[in-house]
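Examining the three-dimensional arrangement
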Amino acid sequence: CTAALDILVAKGGSASHEEVISGLEQSMAAVLTEKDQESKSPRNPPRWHGTVKKAYKQCQREGWIEKRTNGIWKITPIGREVPSHESKDAAGTLG
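One structure accompanies this document, and this report is about it. Given the structure is predicted, the values throughout are model-derived calculations rather than measurements. (Residues numbered from 1 in each chain as written. Predicted model: local features only at pLDDT ≥ 70, side-chain atom pairs only at ≥ 80, totals over all residues. Heavy atoms only, no water.)

**Here we look at the pattern of salt bridges**
Oppositely charged side chains can pair when the atoms bearing their charge come close. Under the criterion given, the structure shown has two salt bridges. Residue Glu19 is joined to Lys11 by a salt bridge in which the shortest nitrogen-to-oxygen separation is 4.0 Å. Assessed through its relative accessible area of 45%, Lys11 is described here as partly exposed. A salt bridge links Glu38 to Arg47; the nearest nitrogen and oxygen atoms lie 3.9 Å apart. Of the residues examined, Glu38 reaches a relative accessible area of 37% and is grouped as partly exposed. Relative accessible area serves as the criterion here: at 38%, Arg47 is assigned to the partly exposed category. (Salt bridge = Lys/Arg side-chain N within 4 Å of Asp/Glu carboxyl O. Buried < 20%, exposed > 50% of the residue type's maximum accessible area, 1.4 Å probe, protein only.)

Next comes the structure, spelled out in structure tokens:
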């Protein structure tokens, strides 16, 4: 979850779902496994996208991001404090 928060901070506080996915793909490239990149069928996204959905829900439960509207992720004031405190401990993790 903290990796996504870092992306939102870098984007000025909000980003589309696609921008978050793209940013995570770039920042997590070294740790995403072949299995993470697989999908259940050609029409489905890679498995790791499911982890992003879980991270989104966790961030929302923690009050770190607002409920998504129109596919936009928006960080809350509480969420802005998290990357500076946790990203060093949780670097490279989605959840």
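**Details of the environment of Ser16**
Among the secondary structure elements, Ser16 is positioned in strand β1 (residues 14–16). Residue class for Ser16 comes out buried when judged on its relative accessible area of 16%. Sequence-wise, Ser16 and Arg68 are 52 residues apart; in three dimensions their C-alpha atoms are separated by 9.3 Å. Filtering out sequence-adjacent residues up to four positions away, Ser16 remains in contact with Gly71 and Ile72. (Helix = DSSP H or I, 4+ residues; strand = E, 2+ residues; numbered from the N terminus. Contact = heavy atoms within 4.5 Å.)

**Examining the packing of helix α2 (residues 17–28) against helix α4 (residues 48–62)**
The N-to-C vectors of α2 and α4 enclose an angle of 115°; their axes lie 11 Å apart at closest approach. The interaxial crossing formed by α2 with α4 has right-handed handedness. In contact with His17, Ile21, Leu24 and Glu25 of α2, α4 contributes Trp48, His49 and Val52. Each residue belonging to the contact of α2 with α4 can be placed in one class, and the counts come to four nonpolar, two polar and one charged. (Axes fitted to C-alpha atoms, helices over the stretch in contact; angles between N-to-C directions. Left-handed = near helix turned anticlockwise from the far one by under 90°. Nonpolar A, V, L, I, M, F, W, Y, C, P; charged D, E, K, R; others polar.)

**Considerations on the state of the cysteines**
According to the stated counting rule, one finds one disulfide in the structure shown. With its sulfur 1.5 Å from that of its partner, Cys1 forms a disulfide with Cys59. Residues Cys1 and Cys59 share a disulfide whose torsion about the S-S bond is about 140°; that sign makes it right-handed. Here Cys59 lies in helix α4 and Cys1 lies in the segment before α1 (2–10), a separation of 58 residues in the sequence. One exposure class covers both Cys1 and Cys59, and it is buried. (Disulfide = S-S within 2.5 Å.)

**Quick look at the layout of surface pockets**
In this structure, the largest pocket spans a volume of roughly 200 Å³. Mapped by element, the contributors of at least two residues to the lining of the largest pocket are α2 and α4. Broken down by element, the lining of the largest pocket gets its largest block of residues, three residues, from α4. Tallied by class, residues from the lining of the largest pocket come to three nonpolar, five polar and three charged. (1 Å grid on protein atoms, 1.4 Å probe; cavity = no way out; pocket = protein on both sides within 12 Å on 5 of 7 lines; lining within 4 Å. Points joined across faces, edges and corners; volume = space filled by probe spheres on them.)

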